[in-house]
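# Remarks on the overall topology
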Amino acid sequence: MRSIFNTPALAVAAAVALSGGAFAEGHALSGDLKIFSDMSNPAPRAVMEGMVDRFGAMHPDLNIELTVIDREAYKTQIRNFLTANAPDVANWYAANRMGPYVDAGLFEDVSDLWAEEEIASNLASTKGAMTLDGKQWGVPYTYYQWGVYYRKDLFDQYGLSEPTTWAEEKANCQTLLDNGVKCYTIGTKFLWTAGGWFDYLNMRTNGYDFHAALTNGEAEWTDDRVRAVFANWRELLDMGAFIDNHTAYSWQESLPFMTQGQAASILMGNFAVAPLRDAGLDDDKLDFYQFVEIVPGIARAEDAPTDTFHIPAKAANKDAARAFLRFVVSADNQTLINSGENLGQLPVNAGSSVDDDKFLKEGFAMLSSNSPGGVAQFFDRDAPAEMAKVAMEGFQEFMVRPDNLDAILKRLETARKRIY
Amino acid sequence: MTSAPDAPPPHRSWYKRNEIAVTPWLFLVPGVAMFLVYVIFPIFQSFNISMQEWDGLGAPEYVGLRNYRELWDDPAFYTSLRNNLLWLLLYLLAIPAGLFIALFLNQTVTGIRLYKSLFFFPFVISQVVVGLVFTWFYDPTFGLLNTILGWVGLGPVNVLGDPTYVTYGIIAAGLWPQTAYCMILYLTGLNAVDPEQVEAARLDGARGWKMLWYVIIPQLKPATFIAFVVTIIGALRSFDLISIMTNGGPFGESRVLSFYMFEVALSEYGFRMGYGAAIAVVLFLIMLCFIAYFLWSMYKEQKAR
C-alpha cells in the first residue's frame, strides 16, 4: 500500500517549459526535498501530487521525492522515520497529537515562519492549534467541519426535515426505522468513528469546557456528566438506530449502506463527501445538517480537525522545506487544494476563498458563526494517544454491549489516573 | 594434517599446534556472534526495558516491577492470555487434519501431483492474503459464509465483529495454511514408511484403524514431532492474521499476547516500551516451556541412539 512518486523527469520537463523564468521566491533552491505524506485516499493523493508538481515547476533545480504512505500505517511509521530516516517534510495532525514528537525534539520549531507577515496575519485562526510550549511546530494545510450527512431524497420520501433538537432527531430516526431504514451508518473497526459520536454527544450534553476538561484528564470518567452522555447515546442504541455489525467495517466500508439506501445518514467529517459523490449521490440526494441541540442553552461547539505539515528536526534540506511550507499555506494554493474538486475542505488562509460548494459553504458558515462554544480538534487529537485508545475501545464496546457501561467507565477512570 | 617428524617444535606457531581444537570454533564464530547479538542480547535487553517506563524517544525511568504489577490487574492482558491458550489448543487440530489429507492423497492416481499441489497451495500464499480472503468470506453482508448460511435459513453471523466468535474465526483462517503445512510434512513421512512392515502387518490381519494406529503412525513419529513443533510456534506467532482481519478488535477481544505487545509499545496509540517489554517477557516465559520440552525430547532421542 505504498508507492513512490518520483519527479526528476517532471522537474526536468518543467525546467524546459519554463526556461528558468520561475524563480519567484528570490533565491534558487537546489538539492533533494524528501516529502513523506499520509494523503493516501484518491482525492488527497491527487492534491499532494499536484502540489509537488507545481512546487517543482517553481524550483526546477530541486529534486522532489514524494512518498505516499497508507494513512493508517503512517501513524505507526512516523515514529521510526522521524528518528532514523527523516524526510524534509512530513504530514501530521495538530494539537496534542504533536505532543510526543515536540517533547522528544523531533519536530523543528517553525515559529520564524509564523512571525512572517504573510503567515502571521492570514493564519491567525489556526495558530492556537499549532502552538505547544509557546512555539509553533508546523503549518496547517486544511481543516474540515464535522456534522451529519444525510440522504435528502430519503428524508423527502418519508416527509422528514432537518432536525434541530434531540427530540426531532429521535422522531426522525423512529420514522426511518419504521420504514426499514437504519438512521446512521458507522464503521467502528478503527474505533475513531465512535469517538466522533462521543465528542458530539458530550459537547451537546455538557459543552466544550467539559470536553476540554475530560480530554485533559481533569474530569473523572465516572462523573455523572459522563454518564449523562452515555444515557443519551443509549437512547439511540436501544432504538437500533445504528447499522448492525459496525464492528466489522472501516468507515469507507460503511458508506455503501448509505449509498444503497439502507441507512439514511452518517456523522462524519467533510472528507466523506468525495467518496459519497463518487458513489453516485449528487447534491440533490446528499445534504448536511449541524448536529442537533441536546441540552438547551449549551453553546454549540464543533469538531474541526486540522491536518498539518511539519519539518522533522533531522531534515537535511530545511531551506527547501520552509519554502514548501510557505507555498502550501499561500492564499492561492489554499484556494486551489481545498476546492470542491480537490480536497473539498476549508482553506486555512484568511486570504483564500471558500469554493462554491454546497457543503463547504455550509460548513464555513457553521464554523464561523454558529459555533459559539468553541472548536475542538477531535477526541483522539485532544486527548493523549493512550487515553484516546482505551476510551475509544470503551465506546465501541458500549455500542455493542451497553450493559457493560459501569465496567467500561471504571476501566477508563483507572487509565486516566495512570496516564495523566 | 601430520607434520614432518624431524621438524623442530619451536618453529610451529601456536595456531598450528592447536589447529584441531581451534578450527571448529573459528568456523562457529560468525554464527555464534550473530546469535549473541540478535537473539541472546535482546532477551536480556527486554528484561531490562521491562523494568523501565520509557516512551522510546525520551529518557527511560527505572520503575522496578511496576509494569508487571500493572499487568497483573490488566483485563486486556488476561483476554490476550486466554486467546493465546485457545490458539495453542485449537491450532493443534492442524496435525490430525494434515495427517488425514496426507493419507487421502498418498495414492497413485492420474494427476495426483496436481491435487497435492492444490492442497499445498494455501501454505504458499502470504498470510496477509489468507487474512483478506477470510475477511471477505466472513463479511456479514455479502460474504460467502453468510450466503451459504442463508440457504439453510440461518441468520447472518458477524464472525469478525462479534466478541464471542472472533478468535475462533481467525483460528479457522489460520488452520487453512497450517493444515497444508502438516500435510506436506506427513506426505514426505509416508514416503519413508517401510512397505515390508505394512506387508507383514497385512499378513497378520491388521486393517483399517488398527493398521493406522499400530503400524503407520509409529513410523511417522519424526514427522509428527516436526509438525507439533511448527504448529506450536505458529500458534504463538499468530500476529499477521489478527492484524489484517480485526486489528485486535472488537474492543480488543481478538488480541493475543504478541499483538497486545505490539499495540502497547509500537502502534499508533501506544508508546509504552516498558509495558510492552513486560508482555514480551511473559510471552518468552511461555515459549520457554515449549522450547525446553523440545530440547529435552531431542536430547533424549540423541542419547537413545
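Residues numbered from 1 in each chain as written. Chains lettered and ligands numbered in written order. Predicted model: local features only at pLDDT ≥ 70, side-chain atom pairs only at ≥ 80, totals over all residues. Heavy atoms only, no water.

Our focus in this paragraph is the overall build of chain B. For chain B, the count of helices and strands is 15 helices and 2 strands. Relative to its length of 305 residues, chain B is extended, with a C-alpha radius of gyration of 26 Å against a globular reference of 19 Å. Its C-alpha atoms give chain B principal-axis dimensions of about 95 × 75 × 30 Å. For chain B, the proportion of its 305 residues judged to be buried stands at 39%. Within chain B, contacts between residues at least 6 apart in sequence are counted, and of these 67% link residues at least 24 apart. Only carbon and sulfur atoms are counted for the fraction: they give 70% of the accessible area of chain B, which is about 18,200 Å². Of the charged side chains in chain B, 18 are positive and 19 negative, and the gap between their average positions amounts to 11 Å. (Helix = DSSP H or I, 4+ residues; strand = E, 2+ residues; numbered from the N terminus. Rg over C-alpha atoms; globule rule 2.2 N^0.38 Å. Buried < 20%, exposed > 50% of the residue type's maximum accessible area, 1.4 Å probe, protein only. Contact = heavy atoms within 4.5 Å. Areas by Shrake-Rupley, 256 points an atom, 1.4 Å probe, with all protein chains shown as cover. Lys, Arg positive; Asp, Glu negative; His and termini not counted. Charge placed at Lys NZ, Arg CZ, Asp CG, Glu CD.)

Now for the pattern of salt bridges. Evaluated as defined, the whole model comprises 36 salt bridges over all chains. Of the charged contacts, one joins A:Glu49 and A:Arg45 as a salt bridge, the two residues approaching to 3.1 Å between their closest N and O atoms. Taken together, the residues span about one helical turn, with A:Glu49 and A:Arg45 both in helix H2 (residues 42-58) at a distance of 4 residues. A salt bridge links B:Glu70 to A:Arg418; its shortest N-O distance comes to 3.0 Å. One end of the pair, B:Glu70, is in helix H3 (residues 66-72); the other, A:Arg418, is in helix H20 (residues 405-419), on a second chain. A relative accessible area of 22% means that B:Glu70 is categorised as partly exposed. The exposure class of A:Arg418 is partly exposed, given its relative accessible area of 34%. (Salt bridge = Lys/Arg side-chain N within 4 Å of Asp/Glu carboxyl O.)

In this section: the interface of chain A and chain B. Between chain A and chain B, the residue contacts involve 29 residues of the former and 28 residues of the latter. Roughly 2,400 Å² of surface becomes buried between chain A and chain B when both sides are summed, with 59% attributable to carbon and sulfur atoms. Inspection of the region where chain A meets chain B yields 4 salt bridges. In this structure, the salt-bridge partner of B:Arg272 is A:Glu386, at a minimum N-O distance of 3.6 Å. Elements supplying a minimum of two residues to the side of chain A that touches chain B: helix H3 (71-83), helix H4 (99-103), helix H19 (385-400) and H20 of chain A. (Buried area = accessible area lost by both parts, 1.4 Å probe.)

What follows deals with the side chain of A:Asn206. Residue and element names in this part refer to chain A. The topology assignment puts Asn-206 in the loop between helix H10 (192-205) and helix H11 (208-215). A distance of 3.1 Å separates a polar atom in the side chain of Asn-206 from the backbone oxygen of Arg-225. Beyond its immediate sequence surroundings of up to four residues, Asn-206 is in contact with Arg-225, Val-229 and Ile-298. (Polar contact = N/O pair within 3.5 Å; in protein donor to acceptor, adjacent residues only side chain to side chain.)

Spacing of three or four residues puts side chains on the same side of an α-helix, whose turn is 3.6 residues. Residue and element names in this part refer to chain A. Among all positions in helix H13 (residues 251-259), only Trp-251, Ser-254, Leu-255, Phe-257 and Met-258 are buried. Buried residues of H13, viewed axially, fall in a sector of 150°; they line one side. Residue Gly-261 follows H13 closely and has a positive phi angle near 80°. (Arc of directions from axis to C-beta.)

Below, the discussion takes up the packing of aromatic side chains. Residue and element names in this part refer to chain B. Counted by the stated rule, this structure contains 57 aromatic pairs over all chains. When the centroid spacing of 5.7 Å and the interplanar angle of 40° are considered together, the rings of Phe-120 and Phe-123 count as tilted. Here the residue Phe-120 and the residue Phe-123 both occupy positions in helix H6 (residues 112-124), the gap between them amounting to 3 residues, near one helical turn. A relative accessible area of 23% places Phe-120 in the partly exposed class. The exposure class assigned to Phe-123 is partly exposed, which follows from its relative accessible area of 33%. (Phe/Tyr/Trp six-rings, centres within 6.5 Å; stacked < 30°, edge-to-face > 60°.)

Within the largest apolar cluster, 133 residues are counted, with the highest numbers of intra-cluster contacts made by A:Trp221, A:Trp233, A:Phe309 and A:Phe324. For A:Phe324, the contacting residues outside a window of four places in its chain are A:Leu33, A:Ile35, A:Met48, A:Phe55, A:Val89 and A:Phe309. Formed by 59 residues, the second largest nonpolar core is a distinct cluster that contains B:Leu71, B:Leu212, B:Val215 and B:Phe259. (Core = buried A, V, L, I, M, F, W, Y, C linked by side-chain atoms within 4.5 Å.)

Take the confidence of the model for chain B next. As a note on interpretation, predicted positions should not be read in detail where pLDDT is low. The predicted model of chain B has a mean per-residue pLDDT of 88, with 97% of residues at 70 or higher. For this predicted complex, the interface confidence score (ipTM) comes to 0.78, while the overall pTM stands at 0.81. (pLDDT = per-residue confidence, 0-100.)

Next up on the list: the packing of helix H5 (residues 94-105) of chain B against helix H9 (residues 166-191) of chain B. All names here are of chain B. Put simply, H5 and H9 touch, their axes get as near as 7 Å, and they point 50° apart. Here H5 is positioned oblique relative to H9, judged by the angle of their axes. As H5 packs across H9, the resulting crossing turns out to be right-handed. Along its contact with H5, which presents Ala-94, Ile-95, Ala-97, Gly-98, Leu-99, Ile-101, Ala-102, Leu-103 and Leu-105, the element H9 presents Leu-175, Gln-178, Thr-179, Cys-182, Met-183, Tyr-186, Leu-187 and Leu-190. Split into classes, the residues belonging to the contact of H5 with H9 amount to 14 nonpolar, 3 polar and no charged. (Axes fitted to C-alpha atoms, helices over the stretch in contact; angles between N-to-C directions. Parallel < 35°, antiparallel > 145°, perpendicular 65-115°, else oblique. Left-handed = near helix turned anticlockwise from the far one by under 90°. Nonpolar A, V, L, I, M, F, W, Y, C, P; charged D, E, K, R; others polar.)

With that settled, consider the environment of A:Val292. Residue and element names in this part refer to chain A. Along the chain, Val-292 falls in the loop between strand E11 (286-289) and strand E12 (301-303). Given a relative accessible area of 1%, Val-292 falls into the buried group. When the C-alpha positions of Val-292 and Glu-168 are compared, they lie 8.6 Å apart, and in sequence the two are 124 residues distant. Ignoring sequence-local partners within four residues, the contact set of Val-292 consists of Pro-163, Thr-164, Thr-165, Trp-166, Glu-169 and Arg-204.

What follows deals with the confidence of the model for chain A. With 94% of its residues at a pLDDT of 70 or more, chain A has an overall mean of 88. Contacts from residues 1-26 of chain A, a stretch scored under 50 in pLDDT, to residues over four places away or in other chains number 36 contacts.

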